[in-house]
Amino acid sequence: MKNRLVEYLERQVDSRNEWIRDEYGIRYFFDADTCFDDWLECIPEVLWERHNLEEPDDILETSDANAIAELTLHLKEWCKECFSYENMVKDIETRRKEDARDARTQAMEMGFHDYSNGSYYPSEGGYSYY
């Protein structure tokens, strides 16, 4: 059986990835494992100490209802901030620019000189793939 915290985070990541794919055409923007690691780093020391949690595995294996409830509340608040539109929009634009640069580089490597509006244009003297 999976941990409820992990399931919640995976649902949030899947939901955000789906929205970003629909709105911006970027697939797999968030990774659940990376988000989980980032969340672990943001858990306040007080929560670790209050519930005698020493390692990340302790969070996944705990059966203490109070610990799970507090960690769930913290995770929900963390998700609101992490997945907020304001935080995502600058990263989305950065990713789109990187993807465009990669597409231009691939076009040049294939013998085309430019990638524009989803189309490759043949370069002078390059190989023709048509």
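Just above, that's the structure.
Residues numbered from 1 in each chain as written. Predicted model: local features only at pLDDT ≥ 70, side-chain atom pairs only at ≥ 80, totals over all residues. Heavy atoms only, no water.

Between helix 2 (residues 32-42) and helix 5 (residues 65-82), whose axes approach to 11 Å, the crossing angle comes to 115 degrees. Of the possible angle classes, the one that applies to helix 2 and helix 5 is roughly perpendicular. Crossing geometry of helix 2 relative to helix 5 is assigned as right-handed. In contact with Cys-35, Asp-38, Trp-39 and Cys-42 of helix 2, helix 5 contributes Leu-71, His-74, Leu-75 and Trp-78. (Axes fitted to C-alpha atoms, helices over the stretch in contact; angles between N-to-C directions. Helix = DSSP H or I, 4+ residues; strand = E, 2+ residues; numbered from the N terminus. Parallel < 35°, antiparallel > 145°, perpendicular 65-115°, else oblique. Left-handed = near helix turned anticlockwise from the far one by under 90°. Contact = heavy atoms within 4.5 Å.)

Here we take up the packing of aromatic side chains. A full pass over the atoms with the stated rule returns 6 aromatic pairs. Between the aromatic rings of Phe-36 and Trp-39, the centroid separation amounts to 5.6 Å while the plane-to-plane angle is 50 degrees, which identifies the pairing as tilted. Highlighted residues: Phe-36 and Trp-39, both in helix 2, separated by 3 residues, approximately one helical turn. Taken as a pair, Phe-36 and Trp-39 share a single burial class, namely buried. Through a chain of ring-to-ring contacts, the aromatic side chains of Phe-29, Phe-30, Trp-78 and Phe-83 assemble into a single cluster. (Phe/Tyr/Trp six-rings, centres within 6.5 Å; stacked < 30°, edge-to-face > 60°. Buried < 20%, exposed > 50% of the residue type's maximum accessible area, 1.4 Å probe, protein only.)

Another aspect to go through is helix 5. Counted at 1.5 Å a residue, the expected span for helix 5 with its 18 residues is 26 Å, and the 25 Å between its end C-alpha atoms agrees. Looking at the packing, one finds that the buried side of helix 5 touches helix 1 (4-24), helix 2, helix 3 (45-50) and helix 4 (56-61). Sitting at the head of helix 5, Asp-64 places a side-chain oxygen 3.2 Å from the backbone nitrogen of Asn-66. (Expected span 1.5 Å × (residues − 1). Polar contact = N/O pair within 3.5 Å; in protein donor to acceptor, adjacent residues only side chain to side chain.)

The next thing to look at is the nonpolar core. With 27 residues, the main nonpolar core has Leu-9, Trp-39 and Ile-59 as its most contacted residues. Listing elements by their share of this core, those giving two or more residues are helix 1, helix 2, helix 3, helix 5 and helix 6 (85-109). By residue number, the principal contributor to this core is helix 1, which donates 7 residues. Setting aside residues up to four positions removed in sequence, Trp-39 forms contacts with Leu-5, Ile-59, Leu-71, His-74, Leu-75 and Trp-78. (Core = buried A, V, L, I, M, F, W, Y, C linked by side-chain atoms within 4.5 Å.)

A word on the environment of Asp-37. Considering the arrangement of structural elements, one finds Asp-37 in helix 2. Taking the C-alpha atoms as reference points, Asp-37 and Pro-56, 19 residues apart in sequence, are found 8.9 Å from one another.

It is worth spelling out the packing of helix 1 against helix 2 at this point. Two elements in contact, helix 1 and helix 2, have axes separated by 10 Å at closest approach and are oriented at 120 degrees. Overall, the two elements helix 1 and helix 2 adopt an arrangement that is oblique. Considering only the axes of helix 1 and helix 2, their crossing is right-handed. Taken together, the residues of helix 2 that come into contact with helix 1 (itself represented by Leu-5, Val-6, Leu-9, Glu-10 and Val-13) are Ala-32, Cys-35, Phe-36 and Trp-39. Partitioning the contact of helix 1 with helix 2 into residue classes produces 8 nonpolar, no polar and 1 charged. (Nonpolar A, V, L, I, M, F, W, Y, C, P; charged D, E, K, R; others polar.)

Before going further, it helps to spend a moment on a negative patch on the surface. Taken together, Asp-31, Asp-33, Asp-37, Asp-38 and Glu-41 make up a surface patch of like negative charges. With respect to the secondary-structure elements, Asp-33 resides in helix 2. (Patch = residues over 30% accessible without salt bridge, like charges linked within 9 Å, V, L, I, M, F, W, Y side chains within 5 Å. Areas by Shrake-Rupley, 256 points an atom, 1.4 Å probe, with all protein chains shown as cover. Salt bridge = Lys/Arg side-chain N within 4 Å of Asp/Glu carboxyl O. Lys, Arg positive; Asp, Glu negative; His and termini not counted. Charge placed at Lys NZ, Arg CZ, Asp CG, Glu CD.)

Function cannot be read off these values alone, since they describe shape.
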